[in-house]
Amino acid sequence: MTSLPEDPLSQISEDDRDMAVQRLQDAYTEGHISHEEMDVRLDQALTANTHSELVSALASLPAENAGATSTIAAAGGRIRRRGTWRVPRSVKAESAFGRVHLDLSRAVFEHSVVDIELQLGTGRAKSTVPRDAIVDVEDLRTGWKDSRYKTRRRSRPGGPRIRISGTMGFGRLKIRHARR
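Residues numbered from 1 in each chain as written. Predicted model: local features only at pLDDT ≥ 70, side-chain atom pairs only at ≥ 80, totals over all residues. Heavy atoms only, no water.

A. Highlighting the confidence of the model for the protein. Chain-level statistics for the protein give a pLDDT mean of 81 and a share of 83% at 70 or above. Below a pLDDT of 50 lies the segment residues 1-7, which in the model reaches 13 contacts outside its immediate sequence neighbourhood of four places, other chains included. (pLDDT = per-residue confidence, 0-100. Contact = heavy atoms within 4.5 Å.)

What follows is the structure, given as structure tokens:
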């Protein structure tokens with residue numbers, strides 16, 4: 001779960017709830033909790049309204065896997081990921097002058113929410129996302145050009161949520177949904 005605010009009585013977001021459910025499912029898969037305990041905790045997480053209620057559903061679970069972040073870096077040139085590849089929970093792409101192309105159209109998503117952080121100087125970035133993906137670019141700061149992304153009118157439920165954040169100096173981010 002993302003860092004919790006100072007006020008434990010504050011309302012939770014759907015992202016917080018989704019991340020809690022994912023953590024409970026991961027804990028069950030890894031054998032940290034029983035099936036019965038997972039059912040009880042899932043009910044708590046799905047009916048929680050405040051952060052303190054959500055924290056109690058996640059009590060005594062092992063810490064999140066810190067190794068789930070993948071950093072891709074290059075001073076110049078091109079950074080490219082395409083084809084079938086496993087997308088970690090968090091991806092960080094850093095480049096001073098190069099281009100970044102992340103093709104997620106055939107990627108394997110193990111997490112319902114994926115965070116992509118871009119730290120680019122003058123290069124541009126392009127991302128192809130699955131048809132049913134929900135993309136959020138609100139936390140991306142651009143210095144020169146705005147990102148090019150139009151939210152899909154119709155999106156099938158069940159797709160991954162991709163949150164893109166970071167800083168782009170003089171480049172532009174272009175996002176498109178895959179056609180197949």
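Here the narrative resumes, following the displayed structure.
B. Main features of the packing of helix H1 (residues 14-29) against helix H2 (residues 35-47). Across the interface, H1 lies against H2 with an axial gap of 10 Å and an inter-helix angle of 175°. By the angle between their directions, the pair H1 and H2 is classed as roughly antiparallel. Two secondary-structure elements touch here, H1 through Arg17, Ala20, Val21, Leu24, Gln25 and Tyr28 and H2 through His35, Met38, Arg41, Leu42, Ala45, Leu46 and Thr47. Taken together, the residues of the contact of H1 with H2 sort by class into 8 nonpolar, 3 polar and 2 charged. (Axes fitted to C-alpha atoms, helices over the stretch in contact; angles between N-to-C directions. Helix = DSSP H or I, 4+ residues; strand = E, 2+ residues; numbered from the N terminus. Parallel < 35°, antiparallel > 145°, perpendicular 65-115°, else oblique. Nonpolar A, V, L, I, M, F, W, Y, C, P; charged D, E, K, R; others polar.)

C. Main features of the sheet that holds strand S10 (residues 161-168). Spatial strand order, S1-S4-S7-S10-S9: 5 strands in an open sheet with parallel pairing. Bordering the open sheet on either side are strand S1 (69-74) and strand S9 (134-142), each of which pairs with just one other strand. On average, adjacent strands in this sheet sit at an angle of 10° to one another, irrespective of strand direction. Here strand S4 (residues 90-95) pairs with strand S7 (residues 113-120) via 6 bridges, running parallel. Its bridge partner lying in S7, Ala93 is registered against Leu118. (Pairing = 2+ DSSP bridges.)

D. Representation of the sheet that holds strand S11 (residues 173-177) in the model. If you walk across this open sheet you meet the 4 strands as S2-S5-S8-S11, and the pairing is parallel. Looking along the sheet, the strands with just one partner apiece sit at the ends: strand S2 (78-81) and S11. When strand polarity is set aside, the average angle formed by the axes of neighbouring strands in this sheet is 5°. The sheet contact formed by strand S8 (residues 125-129) and S11 spans 5 bridges and is parallel. Counterpart to Lys126 in the pairing with S11 is Lys174.

E. Inspection of the nonpolar core at higher detail. By size, the foremost hydrophobic cluster in this structure holds 24 residues, and its most contacted members are Leu104, Ile116, Leu118, Ile164 and Leu173. Residue assignment for this core shows that the elements contributing at least two residues are S4, strand S5 (99-103), S7, S8, S9, S10 and S11. Ignoring any residue separated from it by four or fewer positions in sequence, one finds Ile164 in contact with Ile116, Leu118, Val135, Asp136, Val137, Asp139, Leu140, Leu173 and Ile175. Core analysis: the next-biggest nonpolar cluster, separate from the first, contains 14 residues, Ile12, Leu24, Ala27 and Leu42 among them. (Core = buried A, V, L, I, M, F, W, Y, C linked by side-chain atoms within 4.5 Å. Buried < 20%, exposed > 50% of the residue type's maximum accessible area, 1.4 Å probe, protein only.)

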